[in-house]
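Overview (structure and organization)
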Amino acid sequence: MARRSSSRLLPILLVVVLAGLAAVTAAAQAGAARTYVTSDCNGAAFKPRSIVLTCGDAGLVATKLQWTSWGAKRAAGAGLGKEKVCTPDCAAGRVAKGAMKVVLSRPRLCSQDGKRHFTKIHYSWPGGAPGEGPRQGNIPLPCTLLSSY
């Protein structure tokens, strides 16, 4: 009698173990397939709420981002853009704000962290640039400007 119930239990146990392994493998592949962006000039972020577009002076920043799509090759979102206005000079200038759209593209594997990062951002001001800058532009995004390696 004991042999009969253990022989029935073995196939069920095998199915449960295989299902668990499949779930772990799928989760690992999903995590590995993520594409990140360098949002604060250092490190990797997934669907960040803000991205510094110009790391030298943080003169152009996309904030309050809401992502409408985020895939392995492209991401798109919109939020509030902040642009440093350098009139009469950057120290005395103001910060102009307006609606901003962003599109991330050109994913590549980054050696600093072994993760795939978007390396280009296209931004646009749907209502026109609020400051002195262009209405739209493309900016390369490095994997990171700072490295702990």
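Cut-offs applied
- Residues numbered from 1 in each chain as written.
- Predicted model: local features only at pLDDT ≥ 70, side-chain atom pairs only at ≥ 80, totals over all residues.
- Heavy atoms only, no water.
- Helix = DSSP H or I, 4+ residues; strand = E, 2+ residues; numbered from the N terminus.
- Buried < 20%, exposed > 50% of the residue type's maximum accessible area, 1.4 Å probe, protein only.
- Contact = heavy atoms within 4.5 Å.
- Areas by Shrake-Rupley, 256 points an atom, 1.4 Å probe, with all protein chains shown as cover.
- Core = buried A, V, L, I, M, F, W, Y, C linked by side-chain atoms within 4.5 Å.
- Pairing = 2+ DSSP bridges.
- Disulfide = S-S within 2.5 Å.

Examining the overall build of the chain
On a plain count of helices and strands, the chain comes out with one helix and seven strands. Secondary structure of the chain in N-to-C order comes out as α-β-β-β-β-β-β-β. Within the chain, the proportion of its 149 residues that are buried is 30%. Here the contacts in the chain between residues at least 6 apart in sequence split such that 42% fall between residues at least 24 apart. When the accessible area of the chain is evaluated, it comes to approximately 9,200 Å², of which 59% is carbon and sulfur surface.

Notes on the side chain of S39
With respect to the helices, strands and loops of the structure, S39 is situated in the loop between β1 (35-36) and β2 (51-52). Ignoring sequence-local partners within four residues, the contact set of S39 consists of A45, P48, S50, I51 and V52.

A word on the nonpolar core
Counting 18 residues, the largest nonpolar core has I51, L53, W67, V102, L104, I121 and Y123 as its most contacted members. Within the residue set of this core, elements represented by two or more residues are β3 (60-70), β5 (95-109) and β6 (116-124). Per-element accounting of this core gives the leading share, five residues, to β3. Look past the residues within four positions of L104 in its chain and what remains in contact with it is V37, I51, W67, W70, K73, R74, A75, F118, K120, I121 and L141.

Remarks on the pairing of β3
Across two bridges, the pairing between β2 and β3 is antiparallel. Considered in β3, the bridge of I51 is made with A62. Summarising the sheet, β3 and strand β4 (residues 75-84) pair through eight bridges and their orientation is antiparallel. Counterpart to L60 in the pairing with β4 is E83. Counting the residues that bridge the hairpin from β3 to β4 gives four residues.

Quick notes on the pairing of β5
Pairing geometry for β4 and β5, over ten bridges, is antiparallel. Directly across from E83, in β5, lies its bridge partner A96. Joining the antiparallel neighbours β5 and β6 is a turn of six residues, in which G114 adopts a positive phi near 75 degrees.

A look at the state of the cysteines
Summed over all chains, the structure comprises three disulfides. Note that C110 is cross-linked by a disulfide to C143, the S-S spacing being 1.6 Å. With the S-S dihedral at roughly -70 degrees, the linkage between C110 and C143 falls on the left-handed side. Taken together, the residues C110 in the loop between β5 and β6 and C143 in the segment after β7 (136-140) connect sequence positions 33 residues apart. Classification of C110 as buried rests on a relative accessible area of 1%. Exposure remark for C143: the relative accessible area of 3% places this residue in the buried category.

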